[in-house]
Amino acid sequence: MSVTLTEAAARHVTRYIAKRGRGVGVRLGVKTTGCSGLAYKLEYADEVAPEDVVFEGHGVKVLIDPKSLPYLDGTELDFVREGLNEGFKFRNPREKDRCGCGESFRI
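Numbering of residues starts from 1 in every chain and runs along the sequence as written. Reporting in this predicted model follows two pLDDT cut-offs: at least 70 for local features of residues, and 80 or more for side-chain atom pairs to be given and counted; totals over whole chains, interfaces and linings ignore these cut-offs and use all residues. Excluding hydrogens and water, the side-chain figures rest on all heavy atoms present in the structure.

- Under the annotation held in an unreviewed UniProt entry, the protein chain carries the name Iron-binding protein IscA and is attributed to Roseateles chitinivorans.
- UniProt positions are given in the numbering used here, feature names are shortened, and annotations may be inferred rather than shown by experiment. As stated in UniProt under Cofactor (unreviewed entry), the record for the protein chain gives "Fe cation".
- We quote the UniProt Sequence similarities (unreviewed entry) comment for the protein chain here in full: "Belongs to the HesB/IscA family."

1. Some points on the nonpolar core
Part 1: Within the largest apolar cluster, 21 residues are counted, with the highest numbers of intra-cluster contacts made by Val 3, Leu 5, Leu 28, Val 62, Ile 64 and Leu 72.
Part 2: Only DSSP runs of H or I with at least four residues qualify as helices, and only runs of E with at least two residues qualify as strands; both kinds are numbered from the N terminus onward. Broken down by element, the residue count for this core peaks at 4 residues, all from helix 1 (residues 7-20).
Part 3: Contact criterion: two residues are considered in contact whenever any of their non-hydrogen atoms come within 4.5 Å of each other. Contact partners of Leu 28, with chain neighbours within four places excluded, come to Val 3, Lys 41, Leu 42, Val 62, Leu 63, Ile 64, Asp 65, Leu 72 and Phe 90. Definition used in this section: a nonpolar core is a set of buried Ala, Val, Leu, Ile, Met, Phe, Trp, Tyr and Cys residues joined via side-chain atoms within 4.5 Å. For the exposure calls, accessible area comes from a 1.4 Å probe over protein chains only, and a residue counts as buried if that area is under 20% of its type's maximum, exposed if over 50%, partly exposed in between.

2. Observations regarding helix 1
Part 1: Here the expected length of a helix is defined as 1.5 Å per residue gap, with one fewer gap than residues. Helix length check: helix 1 (14 residues) gives 20 Å between terminal C-alpha atoms against 20 Å at 1.5 Å per residue, within 8%.
Part 2: Turning to helix 1, its buried residues are Ala 9, Ala 10, His 12, Val 13 and Ile 17. Down the axis of helix 1, the buried set is contained in an arc of 165 degrees. They therefore lie on one face. Away from its buried face by more than 90 degrees, helix 1 exposes Glu 7, Arg 15, Ala 18 and Lys 19. By arc we mean the arc of the directions from the helix axis to the C-beta atoms, nothing more.

3. As for the sheet that holds strand 1 (residues 4-5)
Part 1: In spatial order, the strands read 1-6-7; together these 3 strands make up an open sheet with mixed pairing. Bordering the open sheet on either side are strand 1 and strand 7 (85-91), each of which pairs with just one other strand.
Part 2: In this description, strands pair whenever DSSP reports at least two bridges between them. Across 7 bridges, strand 6 (residues 76-82) lies against strand 7 in antiparallel orientation. Among the inter-strand pairings, Glu 82 is bridged to a residue of strand 7, identified as Asn 85.
Part 3: Axis angles are defined between N-to-C directions and span 0 to 180 degrees, where every axis is a line fitted to C-alpha atoms and, for a helix, only to the segment in contact. Here helix 1 sits on the sheet in contact with strand 1, strand 6 and strand 7, set at roughly 80 degrees to strand 6.

4. Let's talk about unusual backbone geometry
Part 1: One non-glycine residue, His 58, adopts positive backbone phi at about 55 degrees.
Part 2: Position of His 58 among the secondary structure elements: in the loop between strand 4 (53-57) and strand 5 (60-64).
Part 3: Given a relative accessible area of 48%, His 58 falls into the partly exposed group.

5. Description of the packing of aromatic side chains
Part 1: Under the pairing criterion, centres of Phe, Tyr and Trp rings, with the six-membered ring standing for Trp, must be within 6.5 Å; the plane angle then separates stacked pairs below 30 degrees from edge-to-face pairs above 60, leaving the rest tilted. Enumeration over the complete set of coordinates arrives at 3 aromatic pairs.
Part 2: With a centroid separation of 5.2 Å and an interplanar angle of 75 degrees, the aromatic rings of Phe 79 and Phe 88 are classed as edge-to-face.
Part 3: Take Phe 79: its relative accessible area is 11%, and that puts it in the buried class.

6. Points about the environment of Leu 42
Part 1: Inspection of the secondary structure assignment puts Leu 42 in strand 3 (residues 37-45).
Part 2: Between the alpha carbons of Leu 42 and Val 30 there is a distance of 8.5 Å; along the sequence they are 12 residues apart.

Put into structure tokens, the structure is as follows:
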């Protein structure tokens, strides 16, 4: 099982953690919501919980709770700029469908 992040995502996370003055990486998970059933959740993490599964790429830790890992296996986290918008993008090979508004997905 693995979760990776691109260099662009790692640079963004590293800059943001430096600006905040604390943090060990990002916590990635899923929650039940939306019309398709699941939504990604992403937050900056200040510590590693004992149950966290930890992946590291480009010097940045990605922490995942064990319940979310089967839904996220193989996911690549990227940070993209599209016109005036920028944000994280999830490339999940397990994703089978996405709702029309883009807020939720189905495995």
